[in-house]
Each structure stands twice: as C-alpha cells, then as structure tokens.
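Listed below are the residues making up each chain.
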Amino acid sequence: MRLYAVVLAGGFRRYATYRIATAAGAFTNTVFGFIMAYTYIALWDERPHLGGYDLPQALTYVWLGQALLMTCAMMGGGFEDELIERIRTGDIAIDLYRPVDLQLWWLAGDLGRAGFHLLGRGIVPMLCGAFAFDLALPGSPLIWPAFLLSVVLGVVVSFAVRYLVALSAFWLMDGAGVLQITWLAGLFFSGMLLPLTLFPGFLGELALVLPWSALLQVPADVFLGKHTGWALAEAYAFQAGWAVALLGAGRLLQSAATRRAVVQGG
C-alpha cells in the first residue's frame, strides 16, 4: 500500500506543477459559475422550489458543480488519454509485466489528481460564489466530512468508468470517440447542466440510477443536507455499489485484454 500512496502523492505533485493552467482553470470555472448562477436565478424566479431546491440551494448546487467538474473529471482530463496512448503504442506491455496492480496504480494516480483539483480548482470558485450570492452552506460541521467521503466515492466511480473506456482501446485502437461520448454522457447525467431531479418522467428516474449521478448529484445533495441518517447510508451504498461493480468490470476487461496481448505477442 505504501507504493500506491507514493503514486497518489506523485499524481498530486504532477498536476501541482501546472500553476498557470490551474489559475486559468479556476478563473474559467468561476466565470461559468456566474453565468450558470444568473441563469438559475432567472429560472428559479419563475419556478420557485424547482426540483425540490430553494434558490440558495440551487445556487449552491451551481458552485458545487464548478468545484467538482475537474475533481470528478466530468469532461475528462485525467489518466485516460495517457493509458489509451500506451495501449496504442504497445507500451502497456511494460506496465503489465510490472509487479504492481495495473488498476490500482492508475486509481492511485487519479486520486492524487482529484485531490489537487479539489483544492486548486474547487475552493476558489466556491469562495467567489459564497461572496457573491447567498449560498446554503452546511449548518452542521459533520456535513463537511460526509460530503468529502461522498466526493471520494464519486471520484472512484468516475475513475472506474474512464478505466473501462480506456481499456476499450485494446480492441478499438483509438478510444477518442468513446471518450467523447462518455464525457457528454457524464456532463448530462451527472447533473452538471441541471439537477437530475428536474428531469421529467422516466428520464429522471433513469438518470438518478446511472453511475454518473454519483459524481455530482449525490455529493451535492449530501452537502445540502438532503441525505441524512439512513438516507445518507443509502447514498453511500449507491456510490460504493457502482464503484465495486465498475471496478470489477474493469478488472475482468483488464484480464481479457491481458490474454489478448499475450496471444498476439506469442
């Protein structure tokens, strides 16, 4: 486990070196936060308590989305491009022969990336939003660790989805198209554009049970105090269930890809 802790720390340091890009990203998240906040204000003025949120809660949801956009890699920007390139060039063979678990190696690095983005590109937009608008910040200090745990589970679910997509390059050779489709699905079904509780009928029910809702909708509702007690345990179980299922699928696909690489190498 010490090795993976070192990989996690290395992932954090790797992204911490891009200071100008981090500042530009935080600025961009803040600008889009203001655009979406005023859009939400106009919408909630017409339909108060839309989706079960009052206006301060809706605005808080906006800024949480900007804080978690890169943390949960809803538009990519993580390890997947590098892994796909290593598969395409055949360098993945070196990784498969290393005395480490391939999935845990990439997961540790991605957790380091997520930790940096939560601090580097999450805090500034939230502070700007809190200064400019009346946000529904937690009244209990216990909500903060509950929220952070939900974010960690969301990051793991995000990793598991992107790991599956990256491994598809063993068969497709170019995973760019699948990645783009995954990013679009992630933006839509995570609740980044609108809370999933606003989606009508069957679409709303479907969106709430898909894995992408674990990236933003669930952590945001934890932050807003909508999941407490047994409901909080159910929210964690939902996220953890998707994480286990997707990581398990990734491990099976990894084994199939390894056998394929051995057969082709032989």
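Residues numbered from 1 in each chain as written. Predicted model: local features only at pLDDT ≥ 70, side-chain atom pairs only at ≥ 80, totals over all residues. Heavy atoms only, no water.

K.L.:
Help me understand the confidence of the model for the protein in this model?
P.N.:
Regions with low pLDDT carry predicted coordinates that are not meant to be interpreted in detail. The predicted model of the protein has a mean per-residue pLDDT of 90, with 97% of residues at 70 or higher. By mean pLDDT, the top-scoring element of the protein is helix α12 (residues 217–223) (96), and the lowest-scoring one is helix α5 (residues 92–97) (80). (pLDDT = per-residue confidence, 0-100. Helix = DSSP H or I, 4+ residues; strand = E, 2+ residues; numbered from the N terminus.)

K.L.:
What's the story with the pattern of salt bridges in this structure? I'm lost.
P.N.:
Oppositely charged side chains can form a pair if their charged atoms are brought close together. Taken as a whole and assessed by the stated rule, the structure comprises seven salt bridges. Across the pair R251 and D101 runs a salt bridge, and its minimum N-O distance is 2.7 Å. Residue R251 is found in helix α13 (residues 230–265), and its partner D101 is found in the loop between α5 and α6 (102–120); the two are separated by 150 residues along the sequence. The salt bridge partner of R113 is D110, with a shortest N-O separation of 2.8 Å. Of the two residues, R113 and D110 both sit in helix α6, three residues apart, roughly one turn of that helix. Each member of the pair R113 and D110 is classed as buried. (Salt bridge = Lys/Arg side-chain N within 4 Å of Asp/Glu carboxyl O. Buried < 20%, exposed > 50% of the residue type's maximum accessible area, 1.4 Å probe, protein only.)

K.L.:
How should the packing of aromatic side chains be read in this particular structure?
P.N.:
Given two aromatic rings, one states the distance between the centres and the angle between the planes to describe the pair. A full pass over the atoms with the stated rule returns 17 aromatic pairs. Seen from their ring centres, F34 and F133 are 5.6 Å apart, and the 45° between their planes marks the pair as tilted. With F34 in helix α2 (residues 19–46) and F133 in the loop between α7 (123–132) and α8 (143–167), the pair connects residues that are 99 residues apart, well separated along the chain. In this structure F34 comes out as partly exposed when scored by relative accessible area, which is 26%. (Phe/Tyr/Trp six-rings, centres within 6.5 Å; stacked < 30°, edge-to-face > 60°.)

K.L.:
Can you walk me through unusual backbone geometry in this structure?
P.N.:
In terms of backbone geometry, most residues other than glycine have negative phi values and most peptide bonds are trans. Positioned with a positive phi, H49 is a non-glycine residue whose angle comes to about 60°. Relative to the helices and strands, H49 resides in the loop between α2 and α3 (55–68). Within the chain, A73 stands out as a residue other than glycine whose phi angle is a positive 50°. Among the structural elements, A73 can be located in the loop between α3 and α4 (80–89).

K.L.:
Just checking my understanding: could you explain the side chain of T71 for this structure?
P.N.:
Its location among the elements puts T71 in the loop between α3 and α4. A distance of 3.0 Å separates a polar side-chain atom of T71 from the backbone oxygen of A67. If near-sequence neighbours (up to four positions away) are discounted, T71 is found in contact with R113, A114, H117, L118, V151 and V155. (Polar contact = N/O pair within 3.5 Å; in protein donor to acceptor, adjacent residues only side chain to side chain. Contact = heavy atoms within 4.5 Å.)

K.L.:
Sorry if this is basic, but what is going on with the packing of α3 against α7 here?
P.N.:
For any two helices packed against each other, the geometry comes down to the angle between their axes and how far apart the axes lie. Remark: α3 packs on α7, axes separated minimally by 8 Å, with the N-to-C direction vectors making an angle of 165°. One way to sum up the angle between α3 and α7 is to call them roughly antiparallel. The way α3 lies across α7 gives a crossing that is right-handed. For the pair α3 and α7, contact is made by W63, L64, Q66 and A67 and by P125, M126 and G129, respectively. Of the residues in the contact of α3 with α7, the class split is five nonpolar, two polar and no charged. (Axes fitted to C-alpha atoms, helices over the stretch in contact; angles between N-to-C directions. Parallel < 35°, antiparallel > 145°, perpendicular 65-115°, else oblique. Left-handed = near helix turned anticlockwise from the far one by under 90°. Nonpolar A, V, L, I, M, F, W, Y, C, P; charged D, E, K, R; others polar.)

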